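The residues making up each chain are set out below.
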Amino acid sequence: MGQPGIMEKLEILADAAKYDASCASSGTAKRNSSGGKGIGSTEGMGICHAYAPDGRCISLLKVLLTNHCIFDCHYCINRKSSNVRRARFTPQEVADLTLTFYRRNYIEGLFLSSGIIKSSNHTMEQMVETARILREDHDFRGYIHLKTIPEADPDLVHQAGLYADRVSINVELPTDAGLTRLAPDKNARQIEGAMGGMKMAIRQARDEKKRFKHAPRFAPAGQSTQMIVGADAATDADIVGRASRLYDGFRLRRVYYSAFSPIPDASAVLPLKRPPLVREHRLYQSDWLMRFYGFEAQEVMQATEADGNLPLDIDPKLAWALKFRERFPVDVNRSSREMLLRVPGLGVKAVNQIIAARRHRTLRLEDVAKLTVSVAKVRAFIVTADWRPTLLTDRADLRTLLAPKSEQLELFAA
Ligand code: SF4
């Protein structure tokens, strides 16, 4: 068979990239090409985060440089022993595609990852070269996210940060034991070492930028990582604990979760079924509790069930509230912001509105109802001027009363 053409390679390599979830583009520096300088912008609103394998553009061109790989991670469709069609782009080809799609308004940037071809250093060089062509030869000012390779030389990983808005290094699995078993060529210490080096370089660049206006930019949108959920025996409590340590230890912008999906010719060490997608959703909700609602990882873990996993039928905030009913009801007219954020059904915006409104008047249940999607969910946990839940908070069947109906759950089911 002859060498595949560009569009055929794109079909193969965009499809191969679809398993990577870590490509959100929030938090980068503002750059644009207004005034006729350069090309591209990071300032567009409504940015989506992937390039679908059917050719539909959803804002980032999300592609692999190659799906050849010398590693043999069991969960990966591109592993050495996998029987898939292979393809490989040159850096120039990826740069040309990015510019072409950008000019056609299909995308706002590039998310580039890769299998390991020849060696980690060679692959990292090729990825850096792609970003260099875009930035230096074409003055491309759109968003670039580079997935870096922890086994590569730290100088190369550093160069990636000089060109990219965001860099990511995947921890892959929630536990070191899982990594050893399912990704035998990877090393947990090496991965965390690379993340530590990236953290230091980002911090140093920020300090220099404060002192010298023209100091080089370095990964202004920070670093992120991804964990695969459901490929090993790690529980949600394990995952939440690991995510929390990663946020604290490496100042990550995001930890992404990707529900393991069975692949063709899968290794016998993998589960046969994918976990329910709602599990990934519950983990993202727990991530929000830690990042925006003031929950400690330990508290999210308290919301798990006897098997260490978050319940699937209710969200983790409701699960926590049901376990700690002695903390409720809270008085919306008097309670601290911290406690209001614990009320199931009250989001950050609603809590801010409650705090602003109660300065001027005493709130009634109907006032709270206007701020939430479901006052039925909220009222068991609050007191207002005209409402007190009395025995409702402690009812044995409260979970059943508040759990969404099963048809809604199926929206998330595998
Ligand atoms: S290093 Fe592992 S996860 Fe990455 S492409 Fe190769 S086999 Fe897949």
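Keep in mind it's a predicted model, so treat the numbers as computed, not measured. (Residues numbered from 1 in each chain as written. Predicted model: local features only at pLDDT ≥ 70, side-chain atom pairs only at ≥ 80, totals over all residues.)

A. Local environment of the overall build of the protein chain. Counting secondary structure elements, the protein chain contains 16 helices and 9 strands. For the protein chain, the residues scored as buried account for 43% of the 414 residues in total. Sequence separation of 24 or more characterises 68% of the internal contacts of the protein chain that already satisfy a separation of 6 or more. (Helix = DSSP H or I, 4+ residues; strand = E, 2+ residues; numbered from the N terminus. Buried ≥ 20, exposed ≤ 12 C-beta atoms within 10 Å, placed from the backbone. Contact = placed C-beta atoms within 7 Å.)

B. Expanded view of the environment of lysine 18. Among the structural elements, lysine 18 can be located in the loop between helix H1 (6-16) and strand E1 (50-51). For lysine 18, a count of 16 C-beta atoms within 10 Å puts it in the partly exposed group. Between the C-alpha atoms of lysine 18 and leucine 64, which are 46 residues apart in sequence, the distance is 9.4 Å.

C. Region of the structure containing the environment of histidine 122. Structurally, the position occupied by histidine 122 is in helix H3 (residues 120-137). The class of histidine 122 is partly exposed, set by 13 C-beta atoms lying within 10 Å. With 31 residues separating them in the primary sequence, histidine 122 and aspartate 153 have C-alpha atoms 9.8 Å apart.

D. Looking closely at the pairing of strand E4 (residues 143-147). Buried residues dominate E4, accounting for 5 of its 5 residues. Judged by which residues are buried, E4 turns out to be covered on both faces: Tyr143, His145 and Lys147 on one side and Ile144 and Leu146 on the other are all buried. Here 4 bridges tie strand E3 (residues 107-113) to E4, and the two strands are oriented parallel to one another. Across the sheet, phenylalanine 111 pairs through a bridge with histidine 145, a residue of E4. For the crossover from E3 across H3 to E4, the handedness is right-handed. (Pairing = 2+ DSSP bridges. Right-handed = clockwise from strand over helix to strand, strands pointing away.)

E. Structural detail: the pairing of strand E6 (residues 223-229). Burial within E6 is extensive, with 7 of its 7 residues counted as buried. In E6, alternate side chains face the same way, and those of Gln223, Thr225, Met227 and Val229 on one face and Ser224, Gln226 and Ile228 on the other are all buried. One ladder, built from 2 bridges, connects strand E5 (residues 166-168) with E6; its direction is parallel. Bridge pairing in E6 links valine 167 to glutamine 223. One ladder, built from 6 bridges, connects E6 with strand E7 (residues 254-259); its direction is parallel.

F. Fine view of helix H6 (residues 188-211). Between its first and last C-alpha atoms H6 spans 35 Å; for 24 residues at 1.5 Å apiece the expected length is 34 Å, and the two agree. Among the residues of H6, Ile191, Ala194, Met195, Met198 and Ile202 are the ones counted as buried. (Expected span 1.5 Å × (residues − 1).)

G. Layout of the nonpolar core. Leu13, Val63, Ala131 and Ala160 are the most contacted members of the largest nonpolar core, which has 105 residues in total. Each of domain 1 (6-295) and domain 2 (316-410) accounts for three or more of the residues forming this core. In this view, leucine 13 contacts Val63, Leu64, Asn67, Ala87 and Phe89; residues no more than four positions away in its chain are not counted. (Core = buried A, V, L, I, M, F, W, Y, C linked by C-beta atoms within 7 Å. Domains from an automatic or database assignment.)

H. View of helix H8 (residues 277-292). Taking 1.5 Å per residue, 16 residues should reach 22 Å; H8 reaches 23 Å between its end C-alpha atoms and fits that length. Buried within H8 we find Val278, Arg279, Glu280, Arg282, Leu283, Ser286, Asp287 and Leu289. One or two steps after H8, the chain reaches glycine 294, where phi turns positive at roughly 75 degrees.

I. How the structure looks around the packing of helix H2 (residues 91-103) against H3. Remark: H2 packs on H3, axes separated minimally by 8 Å, with the N-to-C direction vectors making an angle of 40 degrees. Accordingly, the angle class assigned to the pair H2 and H3 is oblique. Note that H2 runs across H3; the crossing there is right-handed. When H2 is examined against H3, the residues Pro91, Gln92, Val94, Ala95 and Thr98 are found in contact with a partner set consisting of Gln126, Glu129, Thr130, Ile133 and Leu134. In terms of residue class, the contact of H2 with H3 is made up of 5 nonpolar, 4 polar and 1 charged. (Axes fitted to C-alpha atoms, helices over the stretch in contact; angles between N-to-C directions. Parallel < 35°, antiparallel > 145°, perpendicular 65-115°, else oblique. Left-handed = near helix turned anticlockwise from the far one by under 90°. Nonpolar A, V, L, I, M, F, W, Y, C, P; charged D, E, K, R; others polar.)

J. Main features of unusual backbone geometry. Looking along the chain, the bond that leaves phenylalanine 328 and enters proline 329 is cis, with omega of 0 degrees. Examined against the element boundaries, proline 329 turns out to sit in the loop between helix H10 (316-323) and strand E8 (330-331). Although it is not a glycine, aspartate 139 sits at a positive phi angle of roughly 50 degrees. Inspection of the secondary structure puts aspartate 139 in the loop between H3 and E4.

K. Local environment of the packing of H3 against helix H4 (residues 154-163). Two elements in contact, H3 and H4, have axes separated by 9 Å at closest approach and are oriented at 20 degrees. Overall, the two elements H3 and H4 adopt an arrangement that is roughly parallel. Crossing geometry of H3 relative to H4 is assigned as left-handed. Contact residues: Asn121, Met124, Glu125, Met127, Val128, Ala131, Arg132 and Arg135 in H3; Leu156, Val157, Gln159, Ala160 and Tyr163 in H4.

L. Representation of the confidence of the model for the protein chain in the model. Averaged over the protein chain, the pLDDT score is 88; the fraction of residues at 70 or greater is 88%. This stretch, residues 50-58, has a pLDDT under 50; its non-local contacts, to residues over four places away or in other chains, come to 21 contacts. The model gives residues 407-414 a pLDDT under 50, and that stretch makes 13 contacts with residues more than four places away or in other chains. (pLDDT = per-residue confidence, 0-100.)

M. Region of the structure containing the environment of aspartate 331. Checked against the element boundaries, aspartate 331 lands in strand E8. Here the alpha-carbon distance between aspartate 331 and arginine 388, two residues 57 residues apart in the chain, equals 9.1 Å.

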